[in-house]
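What the coordinates show
Given next are the chains, with one letter for each unit.
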Amino acid sequence: MPAAACNGPNGSETIGAGKYPALSGNPNLEYAGYATYIIINGQAAMPSLGHFLDDQQVLAITDYIQTNLGNDYEADGTLDAVADARPAEPVNQNTEEHE
Ligand code: HEM
């Protein structure tokens, strides 16, 4: 992982230029889907990280934050769910030949 912080040291809440929610003890992490989606796509001031990470890495991070940082949830993410959370490939609307 690069040195960029994940929402504060040890998953604690950071308040600076905006509010970074704590990952520690965060009930939103009970199910993998929410975290997976936000890691890939971002949300509000959270940058999307999906293009830096392959599915395995997104799953590893999701598993990690569900089961560490004071969280004791079941790591219920799957590679299929990670793949599903990725944005659809943009449809190339310009593939037809034009005269
Ligand atoms: C691998 C690194 C990261 C992970 C695993 C991660 C994970 C998450 C998760 C799970 C949430 C949702 C929390 C909730 O709604 O309860 C969240 C929100 C947020 N994250 Fe991150 N994050 C990461 C890196 C970053 C970075 C680098 C930034 C800023 C530069 C950032 C800024 C934010 C902000 C501002 C929110 C709140 C978004 C909102 O207003 O809904 N995160 N993050």
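Described in the following lines is the structure provided in the data block.

So, the overall build of the protein
What the protein contains, in helices and strands, is 3 helices and 2 strands. Each helix (α) and strand (β) of the protein, taken in turn from the N terminus, gives the series β-β-α-α-α. For the protein, buried positions account for 24% of its 99 residues. Excluding contacts between residues fewer than 6 apart, the proportion of contacts in the protein whose partners are at least 24 apart in sequence is 50%.

Re the site of the ligand
In the neighbourhood of the ligand, 22 residues make up the surrounding shell, with C6, N7, N28, Y34 and M46 lying closest. N28 places a polar side-chain atom, nitrogen or oxygen, 2.6 Å from an oxygen atom of the ligand. The separation between an oxygen atom of the ligand and a polar side-chain atom of Y34 is 2.5 Å. Where the shell around the ligand is concerned, the elements lending two or more residues are β2 (18–20) and α1 (32–41). The element contributing the most residues to the shell around the ligand is α1, with 4 residues. Here the shell around the ligand is built from residues that sort into 17 nonpolar, 4 polar and 1 charged.

Observations concerning the nonpolar core
With 12 residues, the main nonpolar core is built from L23, L29, A35, I39, I40, L53, V58, L59, I61, I65, V82 and A85. Counting residues per element, the ones that place at least two in this core are α1, α2 (55–67) and α3 (79–85). Looking at this core, the element that brings in the most residues is α2, giving 4 residues. With residues near it in sequence (within four places) discarded, I40 still touches S48, L49, G50, V58, V82, A85, R86 and P87.

Quick look at the pattern of salt bridges
Going through the model one piece at a time under the given rule, you end up with 1 salt bridge. Note that D55 and R86 form a salt bridge whose closest N and O atoms lie 2.5 Å from each other. A residue pair is termed long-range when its members are at least 10 positions apart, and D55 in helix α2 and R86 in the segment after α3 qualify at 31 residues. Residue D55 is classed as partly exposed on the basis of its relative accessible area, which comes to 24%.

Focus on unusual backbone geometry
Backbone geometry places A44, a non-glycine residue, at a positive phi of 50°. Counting through the fold element by element, A44 comes out in the loop between α1 and α2. Of the residues examined, A44 reaches a relative accessible area of 85% and is grouped as exposed. A positive phi angle is found at L69, which is not glycine, with a value near 55°. Within the fold, L69 resides in the loop between α2 and α3.

So, how was this worked out
Residues numbered from 1 in each chain as written. Predicted model: local features only at pLDDT ≥ 70, side-chain atom pairs only at ≥ 80, totals over all residues. Heavy atoms only, no water. Helix = DSSP H or I, 4+ residues; strand = E, 2+ residues; numbered from the N terminus. Buried < 20%, exposed > 50% of the residue type's maximum accessible area, 1.4 Å probe, protein only. Contact = heavy atoms within 4.5 Å. Near = heavy atom within 4 Å. Polar contact = N/O pair within 3.5 Å; in protein donor to acceptor, adjacent residues only side chain to side chain. Nonpolar A, V, L, I, M, F, W, Y, C, P; charged D, E, K, R; others polar. Core = buried A, V, L, I, M, F, W, Y, C linked by side-chain atoms within 4.5 Å. Salt bridge = Lys/Arg side-chain N within 4 Å of Asp/Glu carboxyl O.

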